[in-house]
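What the coordinates show
Residues per chain are reported as follows:
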Amino acid sequence: MLNLLKFIPELVNQEHVESLIHSKAVRIERILSKGQSSPAGFWYDQPENEWVMLLQGAARLNVEGELLEMRQGDSINLPRHCRHRVEWTTPDEVTIWLAVFYE
């Protein structure tokens, strides 16, 4: 059994990505951020769909030029090849994401 809000490793300079489930059709990850954002000029452009929920903390996403503020409990579905990037995550607490990648 895994509690997604516990067992948080110390984050220093990069996000922590933990694979929870992986199959041909779906991949589920817990992503931990603490002040991290996407590198300047970098955009995600993924071949699979991604549904992501913020379990803890706060973040700002840029989805194809639209800035979205995300708080605990917020979720978004990002269709394949939807250009997006993380502009900001809270620097004073761990932001916990649950990401589901699917075909």
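Anyway, here's the lowdown on the structure attached to this text.

Conventions used here
- Residues numbered from 1 in each chain as written.
- Predicted model: local features only at pLDDT ≥ 70, side-chain atom pairs only at ≥ 80, totals over all residues.
- Heavy atoms only, no water.
- Core = buried A, V, L, I, M, F, W, Y, C linked by side-chain atoms within 4.5 Å.
- Buried < 20%, exposed > 50% of the residue type's maximum accessible area, 1.4 Å probe, protein only.
- Helix = DSSP H or I, 4+ residues; strand = E, 2+ residues; numbered from the N terminus.
- Contact = heavy atoms within 4.5 Å.
- Salt bridge = Lys/Arg side-chain N within 4 Å of Asp/Glu carboxyl O.
- Pairing = 2+ DSSP bridges.
- Axes fitted to C-alpha atoms, helices over the stretch in contact; angles between N-to-C directions.

**Concerning the nonpolar core**
Residues Leu61, Val63, Met70, Ile76 and Trp97 are the most contacted members of the largest nonpolar core, which totals 14 residues. Those elements that place two or more of their residues in this core are strand 3 (49-56), strand 4 (58-63), strand 6 (75-78) and strand 8 (95-102). Setting aside anything within four residues of it in sequence, one finds Met70 in contact with Val52, Leu54, Ala58, Ala59, Leu61, Ser75, Ile76 and Trp97. Core analysis: the second largest hydrophobic core is formed by eight residues, Leu11, Ile28, Leu55 and Leu98 among them.

**As for the pattern of salt bridges**
In total, this model carries five salt bridges according to the counting rule given. Among the salt bridges present, the one from Arg27 reaches Glu29, with a minimum N-O distance of 2.9 Å.

**Some thoughts on the pairing of strand 3**
When strand 3 meets strand 8, the two strands line up antiparallel, connected through seven bridges. Directly across from Glu50, in strand 8, lies its bridge partner Phe101.

**Quick notes on the sheet that holds strand 4**
The sheet built from three strands is open, its strands ordered 5-4-7 with antiparallel pairing. The open sheet has two edge strands, strand 5 (66-71) and strand 7 (84-89), and neither has a second partner. Within this sheet the neighbouring strands show an average axis-to-axis angle of 25°, counted without direction.

**Quick look at the sheet that holds strand 2 (residues 26-33)**
The five strands are arranged 1-2-8-3-6 in an open sheet whose pairing can be described as antiparallel. The open sheet has two edge strands, strand 1 (16-22) and strand 6, and neither has a second partner. Taking the axes of each pair of neighbouring strands and ignoring which way they run, one obtains an average angle of 20° across the sheet. As paired strands, strand 1 and strand 2 are joined by six bridges and run antiparallel to one another. When the sheet's bridge partners are listed, Val17 is paired in strand 2 with Ile31.

**A look at unusual backbone geometry**
Despite not being glycine, Glu64 has its phi angle at roughly 50°, a positive value. Within the element layout of this structure, Glu64 appears in the loop between strand 4 and strand 5. In this structure Glu64 comes out as exposed when scored by relative accessible area, which is 56%.

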